[in-house]
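# Summary of the model geometry
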Amino acid sequence: MADERGTTARTGSPPAGSAGGPGRIVVKGLPVAPGLAVGTPVFHDEADIDVPVIALSAEDVRGEQRRLATAIRMAKKQLQEVEHSIEREVGRRDARIFSVQGLLLDDPAFRKAIRERIAAQLVNAEVAVRDAVLSWSARLAGVGTEADRDPVADLRDVGRLLLRILAGRPRPAAARAVEEAGADGTKVVLVTRELLPSDTATLDRRRLAAIVTASGGVASHAAILARGLGIPAVTDVDVSSLPAAGGAWIVDGGEGRVILNPKPEDLEQAVHQSRHYQTIREELASRSSGLVRTKDGVAIELMLNVENFDSVHPEMLDGLRGVGLFRTEFLFMDRKTFPSEQEQFEYYVEALGQVGDAEITFRTIDVGGDKPLSYLQVPAEPNPVLGWRGLRLSLQWPDMFYTQIRALLRASVHGRMRILLPMVTMVEEFRRARTMIAQIQSDMEAREVPFDKDVPVGAMVEVPAAALATRDLGESADFLSLGTNDLSQYALAVDRNNARVASLYQPLHPGMLQLVKLAAEGAHQSDAHLSVCGEMAGDPDAVLLLLGLGVRSLSMSPYHLPLVRGLLSAVTLDDARAVAAEVLALHSTTEIRSVLRGHVLRLAPELGTLLPPA
Ligand code: PEP
Ligand code: MG
């Protein structure tokens, strides 16, 4: 820790010495994202995006409303992109922020409020957006009582996004400020009154050292994202009173402290400490060689979840079994037509080529439900999530399935692969799919097309009834993969993408725990290899429980690997079993989460500052 003697420590008030010479100043704020960093401050204030005021005539109204509609469409697309990238990098929980914002854009009352302003007050879309956001914010203030909801910040974020798009500058100015200031390699401390979630998500992490803001609490979306992305952040600092000139700042996101004009010894200490912090992270990350072993030597298999290889470096796979979940549907999205067999074949071969000796579990196309394909005309269904999706669609439309299986089997001679079937409800469905695969294999054999005859075929367990019948499914399938995302959605009857019921989406619900326990036991009885590939596999609290319930294989997004590895190597099987027994007797999700977190911190205290809020 830096020595604070002879310094000025303040909370949110102007630091003494800010107007005078370059004395050392320590400003106290609220710690929101751990980590320590040194960087050059860049002050940025985008509170007021220029809003042009244009008086319209009655004939202009329709055109202006169309301009608004286009901006809303573009904003939705942008939010979806940010949501996907955060989901890939950090996880579904944090990405949900952006689906909530998408909901706002869909809200008919919100859209109507803006459209009516244009018509009634004959003002341009920018003015109507600004005023509608102001009046809605006043109404919503104080509504966000849940820790993971901040409706006013969401509304203002959405408002800013619309104003930027209407101004023809969709990229957040904060992102541009960091990019410009960091163009010469300088590490930047972004100092701003407020940072909204979409700002945080688009900042260039190579150039950004830390974030200092005036407002935004520990639970604000921007803070959650900063933690998820590993950017140290301090809030509740009166940034307007801080001197802009001067050298580097030290930002201590763990202590909630910013040091301006640090002394050489401060810098030395800060560099040392940030290295220490970095070492913890790297050390955790480096425990990738070989299988991770628990403290008492039990081997736990770790794998990655990926959608494509853009964000995965092959070296990440060192020592891992491979990719436990390759969501192939993403190859089918963002296109206008189905990829041909040859296109798919080339794509799968390329993916296999990237992982060397490691294995890829290709999950066959899982569209329908919340993952529609624009060129796949599925008749409207009253309950799409309970309707035609995953394997059900593949069995109904065998052409699509046959093409994908042929492409996969042809690619199977270029590496190690497994094929995983999504949304299996009945064992009969699984057997039918296997028969279809066998037909394709004999046809390929007859035509002397080479393929690996031993490619394992497994089933996703993500339907509650299937989870209760893993023993039967495990007798037909070569392996099982527990999809806790859909399993939670169906067991809790909570749409995993509906922000209105997001607070009920609790994978640690006592009933879910029973379900996971029974699924693990059933798989064990059938001798089928079971891994967990839903978000629970990347949540350290849940991992401690899964280990205690008998799970020995986990597949997760790369971001979660270091923490999970760190936890696993700090616990024994007996620890985990005792925790599982204790937690299974609890009656509420809140209790379960807090007891699990207590044990994680007790067993692996070094993870303390790196864990997301419980
Ligand atoms: C799941 O449902 O848990 C899963 C891993 O699959 P997806 O998130 O793609 O539905
Ligand atoms: Mg699923």
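Structure first, text after, so check above.
Our subject in this report is the structure included herewith. (Residues numbered from 1 in each chain as written. Chains lettered and ligands numbered in written order. Predicted model: local features only at pLDDT ≥ 70, side-chain atom pairs only at ≥ 80, totals over all residues. Heavy atoms only, no water.)

### Quick word on the environment of M417
Threshold: By definition, any uninterrupted DSSP run of H or I lasting at least four residues is a helix, any uninterrupted run of E lasting at least two residues is a strand, and each is numbered from the N terminus. Burial status follows relative accessibility: with a 1.4 Å probe on protein chains alone, a residue under 20% of its type maximum counts as buried, one over 50% as exposed, and anything between as partly exposed.
Topologically, M417 is positioned in strand 14 (residues 416–421). What makes M417 buried here is its relative accessible area of 4%. Between the C-alpha atoms of M417 and E359, which are 58 residues apart in sequence, the distance is 5.3 Å.

### Quick notes on the environment of D252
Along the chain, D252 falls in strand 8 (residues 249–252). Take D252: its relative accessible area is 6%, and that puts it in the buried class. Between the C-alpha atoms of D252 and A270, which are 18 residues apart in sequence, the distance is 8.6 Å.

### Things to note about the coordination of the magnesium ion (ligand 2)
Heads up, the condition is: Coordinating donors are taken to be N, O and S atoms lying within 2.8 Å of the metal, or within 3.2 Å when the metal is Na, K or Ca; because water is excluded from the atom set, some sites may appear incomplete.
For the magnesium ion (ligand 2), the full set of protein donor atoms is E462 (OE) and D486 (OD), at a range of 2.0 to 2.1 Å. One end of the pair, E462, is in the loop between strand 15 (457–461) and helix 15 (464–468); the other, D486, is in helix 17 (residues 484–492), and 24 residues separate them in sequence. For the pair E462 and D486, one class covers both residues: buried.

### As for the nonpolar core
Here is the rule we go by: The set of buried Ala, Val, Leu, Ile, Met, Phe, Trp, Tyr and Cys residues whose side-chain atoms join them within 4.5 Å is what this entry labels a nonpolar core. In what follows, a contact means two residues having at least one pair of non-hydrogen atoms within 4.5 Å.
In this structure, L302 and L554 are the most contacted members of the largest nonpolar core, which totals 109 residues. Those residues in contact with L554 that sit more than four places away from it in its chain are I300, E301, L302, M303, S531, V532, A537, V543, L546, V564 and L568.

### As for the site of ligand 1
We count it as follows: We call a residue near a given molecule or strand whenever any one of its heavy atoms falls within 4 Å of it. Under the rule applied, a polar contact is a pair of N or O atoms within 3.5 Å (in protein, one hydrogen donor and one hydrogen acceptor; residues adjacent in sequence only if both atoms are side-chain atoms). To be clear on the numbers: accessible area is Shrake-Rupley with a 1.4 Å probe, and residue cover counts the displayed protein chains and nothing else.
Around ligand 1 sit 13 residues, and of these R327, R363, G483, N485 and R496 come closest. For ligand 1, an oxygen atom lies 2.8 Å from a polar atom in the side chain of R363. T484 is positioned with one of its backbone polar atoms (N or O) 3.1 Å from an oxygen atom of ligand 1. Contact with the protein chains covers 99% of the free accessible surface of ligand 1, which is 290 Å².

### Let's talk about the pairing of strand 9 (residues 257–260)
Rule in force here: Strand pairing requires that DSSP identify at least two bridges connecting the strands.
Every second residue of strand 9 is oriented toward a common face, with R257 and I259 on one face and V258 and L260 on the other, all of them buried. Strand direction decides the pairing type here: strand 2 (residues 25–28) and strand 9, joined by four bridges, are antiparallel. Counted as the bridge partner of I25 is L260 from strand 9. With three bridges joining them, strand 8 and strand 9 adopt antiparallel strand pairing. Each bridged residue has a counterpart across the sheet, and for I250 the counterpart in strand 9 is I259. Counting the residues in the hairpin turn of strand 8 and strand 9 gives four residues, including G256, whose phi is positive at 75 degrees.

### Details of the pattern of salt bridges
Operational definition: A carboxyl oxygen of Asp or Glu within 4 Å of a side-chain nitrogen of Lys or Arg is what we treat as a salt bridge.
Enumeration over the complete set of coordinates arrives at 32 salt bridges. Residues R130 and D131 are paired through a salt bridge, measuring 3.0 Å at the closest nitrogen-oxygen approach. Among the residues examined, R130 registers a relative accessible area of 32% and is labelled partly exposed. Note that E301 and R321 form a salt bridge whose closest N and O atoms lie 3.0 Å from each other. Of this pair, E301 sits in strand 11 (residues 299–306) while R321 is found in the loop between strand 11 and strand 12 (322–327), placing the two residues 20 residues apart along the sequence. Salt bridges here are not isolated pairs; linked through shared partners, they connect E329, R363, D366, R389, D486 and R496.

### Description of the packing of helix 11 (residues 341–355) against helix 13 (residues 398–411)
Here is the rule we go by: Every axis corresponds to a line fitted to the C-alpha atoms, with the helix fit spanning only the stretch in contact, and the corresponding angles, defined between N-to-C directions, vary from 0 to 180 degrees. Roughly parallel covers angles under 35 degrees, roughly antiparallel covers those over 145, roughly perpendicular covers 65 to 115, and oblique covers all other angles. Throughout, a crossing is termed right-handed when the near helix is turned clockwise from the far one, and left-handed when it is turned anticlockwise from it by less than a right angle. Throughout this entry, Asp, Glu, Lys and Arg are counted as charged residues, while Ala, Val, Leu, Ile, Met, Phe, Trp, Tyr, Cys and Pro are counted as nonpolar. The remaining residues, Gly among them, count as polar.
Interaxial distance between helix 11 and helix 13 falls to 8 Å at its minimum, and their mutual angle equals 40 degrees. Between helix 11 and helix 13, the crossing angle belongs to the class labelled oblique. Here helix 11 runs over helix 13; the crossing is right-handed. Where helix 11 abuts helix 13, its residues E341, Q342, Q344, F345, Y348, V349 and L352 lie against T403, Q404, R406, A407, L408, R410 and A411. Partitioning the contact of helix 11 with helix 13 into residue classes produces seven nonpolar, four polar and three charged.

### Quick look at helix 5 (residues 151–166)
Here is the rule we go by: Expected span of a helix: the number of residues minus one, times 1.5 Å.
Helix length check: helix 5, at 16 residues, gives a terminal C-alpha distance of 22 Å against a target of 22 Å (1.5 Å per residue), a fit within 8%. The buried count for helix 5 comes to 15 of 16 residues, which makes it a mostly enclosed element. One or two steps after helix 5, the chain reaches G168, where phi turns positive at roughly 75 degrees.

### With respect to the side chain of H44
Its place among the elements puts H44 in strand 4 (residues 36–44). Classification of H44 as buried rests on a relative accessible area of 13%. Not counting residues within four places of it along the chain, the set of residues in contact with H44 comprises A173, A174, A177, L190, V191, T192 and R193.

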